[in-house]
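Okay, here's what each chain looks like letter by letter:
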Amino acid sequence: MSTDRIIGIDLGTTNSLVAFLQGESPVVIPGEDGVNLVPSVVALDEKNQPVIGNAARKYLAETPERAVYSVKRLMGRGVDDIQEELKLFPFRLAEDLQAGEVIRIKLGEKTFTPPEISALILRQLKRNAERFFGSPVTKAVITVPAYFNDAQRQATKDAGRIAGLEVLRLVNEPTAASLAYGLDKKQNGTIAVYDFGGGTFDVSILKLRDGIFEVVATNGDTHLGGDDIDNLLIVIALDDTRGDLGVDLRQNPEAVQAIRKAVIEAKVALSSQASVKLNIELPGGKRYLREITREQFEQLIQPIIDRTAGPCKQALKDAGLKPEQIDEVVLVGGSTRIPRVRALVKELFHREPHIGLNPDEVVALGAAVQANILGGGSEATENMLLLDVTPLSLGIEVAGGVTDKIILRNSTVPASATQFYTTQVDGQANVAIHVLQGERELAKDCRSLARFDLKGIPGMAAGMARIEVKFLIDANGILHVSAREQRSGKESEIQVQPSYGLTDEQVESMILDSFDSAEEDFRQRQIIEARNEADTILAALDKGKKSAAWGHLTTDEKKKIAKMEKALNAVKDEEDYQAIRKSIDELNLGTTRLAELMMDTAVSTVLKGKTMEEADMGEGPTAPHPMAKAEFE
Amino acid sequence: MSNSSFTTITAKPAPQETQSCWSCGTMRAAQFCDSCGKVQPPRPVDYFSFFGLPRKLNLDVSALEKDFYELSRKLHPDLNARSASQEQEWSLQQSSLLNDAYRTLKDPIKRTHYLLKLEGVELEEQSKSATEQARSSGQLKKQIVPPDLLEEVFELNMQLEELRMQKKMGEDDPALLEEIGKQRLELEQKNEALLDELKTDWKVWDALIDREQESQPVSEDERKRARDKMVDLLNRRNYIRNLVRDVSEVLEN
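About the thresholds
- Residues numbered from 1 in each chain as written.
- Chains lettered and ligands numbered in written order.
- Predicted model: local features only at pLDDT ≥ 70, side-chain atom pairs only at ≥ 80, totals over all residues.
- Helix = DSSP H or I, 4+ residues; strand = E, 2+ residues; numbered from the N terminus.
- Rg over C-alpha atoms; globule rule 2.2 N^0.38 Å.
- Buried ≥ 20, exposed ≤ 12 C-beta atoms within 10 Å, placed from the backbone.
- Contact = placed C-beta atoms within 7 Å.
- Domains from an automatic or database assignment.
- Nonpolar A, V, L, I, M, F, W, Y, C, P; charged D, E, K, R; others polar.
- Pairing = 2+ DSSP bridges.
- Axes fitted to C-alpha atoms, helices over the stretch in contact; angles between N-to-C directions.
- Expected span 1.5 Å × (residues − 1).
- Arc of directions from axis to C-beta.
- Core = buried A, V, L, I, M, F, W, Y, C linked by C-beta atoms within 7 Å.
- pLDDT = per-residue confidence, 0-100.
- Parallel < 35°, antiparallel > 145°, perpendicular 65-115°, else oblique.
- Left-handed = near helix turned anticlockwise from the far one by under 90°.

K.L.:
Sorry if this is basic, but what is going on with the overall build of chain A here?
P.N.:
When helices and strands are tallied, chain A shows 16 helices and 26 strands. Against the 2.2 N^0.38 benchmark of 26 Å for 633 residues, chain A shows a C-alpha radius of gyration of 28 Å, consistent with a compact globule. Split into buried and exposed, the 633 residues of chain A put 45% on the buried side. For chain A, long-range pairs separated by at least 24 residues make up 68% of all intrachain contacts whose partners lie at least 6 apart in sequence.

K.L.:
I tried to follow the overall build of chain B on my own but got confused; where do I start?
P.N.:
A count of helical and extended segments in chain B gives 8 helices and 0 strands. In chain B, which comprises 253 residues, the proportion classed as buried is 23%. A sequence separation of at least 24 residues applies to 60% of the contacts in chain B between residues at least 6 apart.

K.L.:
Quick question: what am I supposed to make of the domain arrangement of chain B here?
P.N.:
A common way to report how large an interface is uses the accessible area buried once the components associate. Residue and element names in this part refer to chain B. Here chain B is partitioned into domain 1 (16–118) and domain 2 (142–252). For domain 1 versus domain 2, the distance between C-alpha centres works out to 34 Å. At the interface, 9 residues of domain 1 touch 12 residues of domain 2. Grouping the amino acids of the side of domain 1 that touches domain 2 by side-chain chemistry returns 4 nonpolar, 3 polar and 2 charged.

K.L.:
I'm lost on the domain arrangement of chain A in this one. Help?
P.N.:
Segmenting chain A into domains produces domain 1 (6–224 + 307–387), domain 2 (226–305), domain 3 (394–503) and domain 4 (515–629). The straight-line distance from the C-alpha centre of domain 2 of chain A to that of domain 3 of chain A is 49 Å.

K.L.:
Sorry if this is basic, but what is going on with the sheet that holds strand 18 (residues 385–387) of chain A here?
P.N.:
Adjacent strands of a sheet pair through backbone hydrogen bonds, lying either parallel or antiparallel. Residues and elements named next belong to chain A. Read across the open sheet, the 5 strands follow the order 17-12-13-14-18; overall the sheet is mixed. The outermost strands of the open sheet, each flanked by one partner alone, are strand 17 (328–332) and strand 18. Adjacent strand axes in the sheet meet at a mean angle of 25° when their direction is disregarded. Relative to strand 13 (residues 201–209), strand 12 (residues 189–196) runs antiparallel, the two being bridged by 8 bridges.

K.L.:
How should I be thinking about the pairing of strand 14 (residues 212–221) of chain A in this particular structure?
P.N.:
All names here are of chain A. Of all 10 residues in strand 14, 8 are buried, a share of seventy percent or more. Here strand 13 pairs with strand 14 via 9 bridges, running antiparallel. Paired with Ser204 across the strands is Thr218, a residue of strand 14. If you look at the hairpin formed by strand 13 and strand 14, you'll find 2 residues sitting between the two strands, and Asp210 has a positive phi there, around 50°.

K.L.:
Explanation requested: the pairing of strand 19 (residues 394–398) of chain A in the structure shown.
P.N.:
Every other side chain in a regular strand lies on the same face of the sheet, so the side chains alternate between the two faces. All names here are of chain A. Within strand 19, 4 of the 5 residues are buried, which leaves it mostly tucked inside the rest of the structure. In this sheet, strand 20 (residues 402–407) lies alongside strand 19 in antiparallel orientation, the contact comprising 5 bridges. Residue pairing in the sheet places Gly395 in a bridge with Lys405 of strand 20. Between the antiparallel neighbours strand 19 and strand 20 lie 3 residues, among them Gly400 with a positive phi of about 90°. The pairing of strand 19 with strand 22 (residues 431–437) spans 3 bridges and is classified as antiparallel. Across the sheet, Leu394 pairs through a bridge with Gln437, a residue of strand 22.

K.L.:
What should I look at first to understand helix 15 (residues 577–590) of chain A in this one?
P.N.:
Each α-helix winds once per 3.6 residues, and so residues spaced three or four apart point in a common direction. Residues and elements named next belong to chain A. For helix 15, with 14 residues, the first-to-last C-alpha span of 20 Å sits near the 20 Å given by 1.5 Å per residue. Of all the residues in helix 15, the buried ones are Ile580, Ser583, Ile584 and Leu587. Along helix 15, the residues classed as buried sweep out an arc of 100° about the axis, all on the same side. Every exposed residue of helix 15 that faces more than 90 degrees away from the buried side is listed here: Gln578, Asp585 and Leu589.

K.L.:
How do you make sense of the interface of chain A and chain B when you look at a structure like this?
P.N.:
Opposite the 29 residues of chain A that make contact, chain B presents 26 residues. Looking at the side of chain A that touches chain B, the elements with two or more residues in it are helix 11 (362–374), strand 18, strand 20, strand 21 (415–421) and strand 24 (467–473) of chain A. Looking at the side of chain A that touches chain B residue by residue, the class counts come to 15 nonpolar, 9 polar and 5 charged.

K.L.:
I tried to follow the nonpolar core on my own but got confused; where do I start?
P.N.:
Nonpolar side chains tend toward joint burial in soluble globular proteins. Ranked by internal contacts, the top residues of the largest apolar core, which has 155 residues, are Ile9, Ala19, Val42, Val141, Ala364 and Ala367 of chain A. Among the elements that take part in this core, helix 11 of chain A stands out by supplying 10 residues, more than any other. When near neighbours in sequence (up to four residues on either side) are disregarded, Ala367 of chain A contacts Gly8, Ile9, Asp10, Ala19, Val141, Thr143, Val171 and Ala176 of chain A. Counting 26 residues, the second largest nonpolar core, distinct from the first, contains Phe48, Ala101, Leu115 and Met230 of chain B.

K.L.:
Honestly, the environment of Arg351 of chain A in this entry has me stumped. Any pointers?
P.N.:
Residue and element names in this part refer to chain A. Tracing the backbone shows Arg351 in the loop between helix 10 (339–349) and helix 11. Between the C-alpha atom of Arg351 and that of Val329, which follows or precedes it by 22 residues, the distance is 7.6 Å. Contacts of Arg351, omitting those with residues within four sequence positions, involve Ile326, Val329 and Lys346.

K.L.:
Explain the confidence of the model for chain B to me, please; I cannot follow it from the model alone.
P.N.:
Caution is warranted with low-pLDDT regions, since their predicted coordinates should not be read in detail. Taken over all residues, the pLDDT of chain B has a mean of 80, while the share at 70 or more is 81%. For this predicted complex, the interface confidence score (ipTM) comes to 0.80, while the overall pTM stands at 0.81.

K.L.:
Teacher, can you tell me more about helix 9 (residues 309–319) of chain A here?
P.N.:
Residue and element names in this part refer to chain A. Residues of helix 9 that are buried: Cys312, Ala315, Leu316 and Ala319. The arc enclosing the buried residues of helix 9, seen along the axis, measures out at 100°, which places them on a common side. Facing away from the buried side of helix 9, by more than 90 degrees, are the exposed residues Gly310 and Lys317. The inward-facing, buried residues of helix 9 abut strand 13, strand 14 and helix 10.

K.L.:
Just checking my understanding: could you explain the sheet that holds strand 6 (residues 50–52) of chain A for this structure?
P.N.:
Residue and element names in this part refer to chain A. As summarised here, the arrangement of the 3 strands in space is 6-5-7, forming an open sheet in which the pairing is antiparallel. One side of each edge strand has no neighbouring strand; the edge strands of this open sheet are strand 6 and strand 7 (67–69). With strand direction ignored, the average angle separating the axes of adjacent strands in the sheet is 20°. As paired strands, strand 5 (residues 41–44) and strand 7 are joined by 3 bridges and run antiparallel to one another. Residue pairing across strands places Val42 opposite Val68, the latter belonging to strand 7. Lying on the sheet, helix 1 (residues 54–62) is in contact with strand 5, strand 6 and strand 7; it crosses strand 5 at an angle near 65°. Docked against the sheet, helix 3 (residues 114–133) engages strand 5, strand 6 and strand 7, running at close to 60° with respect to strand 6.

K.L.:
Can you help me understand the packing of helix 14 (residues 555–571) of chain A against helix 15 of chain A in this one?
P.N.:
Between two packed helices, the angle of one axis relative to the other and the distance separating the axes together describe the packing. Residues and elements named next belong to chain A. At their nearest, the axes of helix 14 and helix 15 sit 9 Å apart, and the two run at 160° to each other. Taken together, the axes of helix 14 and helix 15 lie roughly antiparallel to each other. The crossing of helix 14 and helix 15 is left-handed. Residues Lys560, Ile561, Met564, Glu565, Ala567, Leu568 and Val571 of helix 14 touch helix 15, and the partners they reach there are Ala579, Ile580, Ser583, Ile584, Glu586, Leu587 and Gly590.

K.L.:
I'm lost on the packing of helix 2 (residues 61–75) of chain B against helix 3 (residues 85–106) of chain B in this one. Help?
P.N.:
Residues and elements named next belong to chain B. Packing of helix 2 against helix 3 leaves a shortest axis separation of 10 Å and a crossing angle of 170°. Considered as vectors, helix 2 and helix 3 are oriented roughly antiparallel to each other. For the pair helix 2 and helix 3, contact is made by Val61, Leu64, Phe68, Leu71, Ser72 and Leu75 and by Ser91, Gln94, Ser95, Leu98, Tyr102, Leu105 and Lys106, respectively. Residue classes in the contact of helix 2 with helix 3 are distributed as 8 nonpolar, 4 polar and 1 charged.

Shown next, in the form of structure tokens:
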């Protein structure tokens, strides 16, 4: 029964979103709380059940050892290359981590790999979409930073699979953004996308030709974003408190989270204000007070935002273009709201950047466009095709520890290269291949992707075997390798040892909702949600009966409502979703006049000087999330 | 499967017109069916024949781009995402072949290299890994200096050595820096000029292919002479490029 609906997901460092193409235009699907952005925060509640998004933020403040954020920074990385992150982020690693093992993070007493945590976020988005459509969703397009390497992409794909999603395509974030823009104005030209988000920076240069979006160059830094700005401010506050108050708060995660929250708000405010006052309550009742002017802020963050200049210049150089040849510059990501960042973009590309679409949502909207294209397209996406590139050169290690590049960066994907290997000694049966990604000349300076062992080479004299190895980077930017001994025509067996990643078996064992039970799970959830909705409407009806509006109904109307109320009460504890749904809809319809009368009463109450909130409106299912009021004060 | 690979095929493009579509049986174009649009299983062809081009070096890059876009609209995996898994696999293979071919043919130097490779010429001096290896072990790779550059290279190497010494001592000689910078610019200009020279070599080669297509005899000696000229030019160009890179390294470090 599953429909072929494909969703587009922006799995962000700070926030994640899900979108789909509704008719002609992409729209973001809100969560149950009515909010489009789902914070990429995961926590475990008291019963060890995962809590995601806004609801998890509470845990971040109260029990930080049971919560995690910015996990995207850890995707596809090993323990040895996250040492810098560990200094700045409160990631708690499992104590029993072995060298070469995939990182595991502690939440409470449990441990999770980064793909598993990302999967929990993805599952939340999947559920939001299912609630919205009223039917199961199993297919998705997920965006990744353009500069993500093979391991980071693979980890993202694994996360999708664990969440019960078939990932039809990984799309580069800046490219997705260009699709969202391109939908509006189908025009030809050269555009640059400057994508400065919470944790990553990307720049892509694209040629637009009659619906073809051809990426000509991309560059970036997968560990550069708004997070780094926050950390600067946090360190200052921590140093201040240690210096002036003599308390070191570094070991106090609650206090650090309180400071983090305050500095993020300050950062955001400084995009529209000339100065901001930090006023943070510290443990022991003291308050941390500090004024930051925009000028000071800009001075402070200049070194961070300057780090985006190098990749921009390199991308232009690789594209063989001068800044003047760029027709339009598009801004993506929350960090591009900072005026100093916009000024830098203007300097780099010699033109005023374009700020049409919401920089927080544009990537998800683009993912929805790509999802539509993959699903067979529609009038809106007719003739649209994305030609993306691989951000990093692919190489293999040759004698002397040198990298021999076989597919250069900025090659359009899918791309392939064929290499020939032979044996060094008589009867040699195995050949080892070390695959690398990166621009440096020495293998040790590049990213190790995997070690392949070609096995079962037929016995021959040294140098006689001729093994053809084909390296293919697919449209997701993920590498595939196949090998064949040419003289015997025998397919060689390839044993892959990913340098940083989960094996197929590991992913399999992690799958949250296996595909088989997805339908059943969905049905169950649907029933539970319908029951909740029934309870809400029945409670609202009780309230309505006590309101003045009830008196304005005719006896006949009241009778009808009572009958429908009885019907709903009768079915709501049964397992028949359709019946519950039908009774809810009937009661909803039957009480329309009551609701209108109540609204009139409420409005007239407002006119008498009361606020809407005080007015007796009953509780709707989309009441504001309780978290919204628990703001820092 | 045949024993051939893209790098060793020397035969003329196979007459693909005789193939018919696996799906609807109609006669088809090489990569997809004209009639039903289905992607066809990939066949080992060289990059020129993939685009239906003769093995000539002077080609219209904007027409190539147009063909590339048109073929992308048929072969790209995004447009075949709903097909059966076998067709998706073909689409992936065909599309990567298309991209590899386009990337190689649109660039004049890569195109020339590729053609020479098809003609069985191994460009020893172009062996990139050998160069990288020599660099990593700190040795200078033994390269034959093109005779017309001998004097210039000798002079430049002396100056580079002097600059290295000065840098070690923490000294600064703006005049020397300027002189070396000027030489780098001259070398770069020389390489640009070589590109123009290459285009005249192309004409010689393309004329041979034209004669062949008109069934006029072309001797192996003529072919060899045309090839050797290009090999020599590419070697010189490569030598200069490495030199420029070395100079840049000293100047920028």
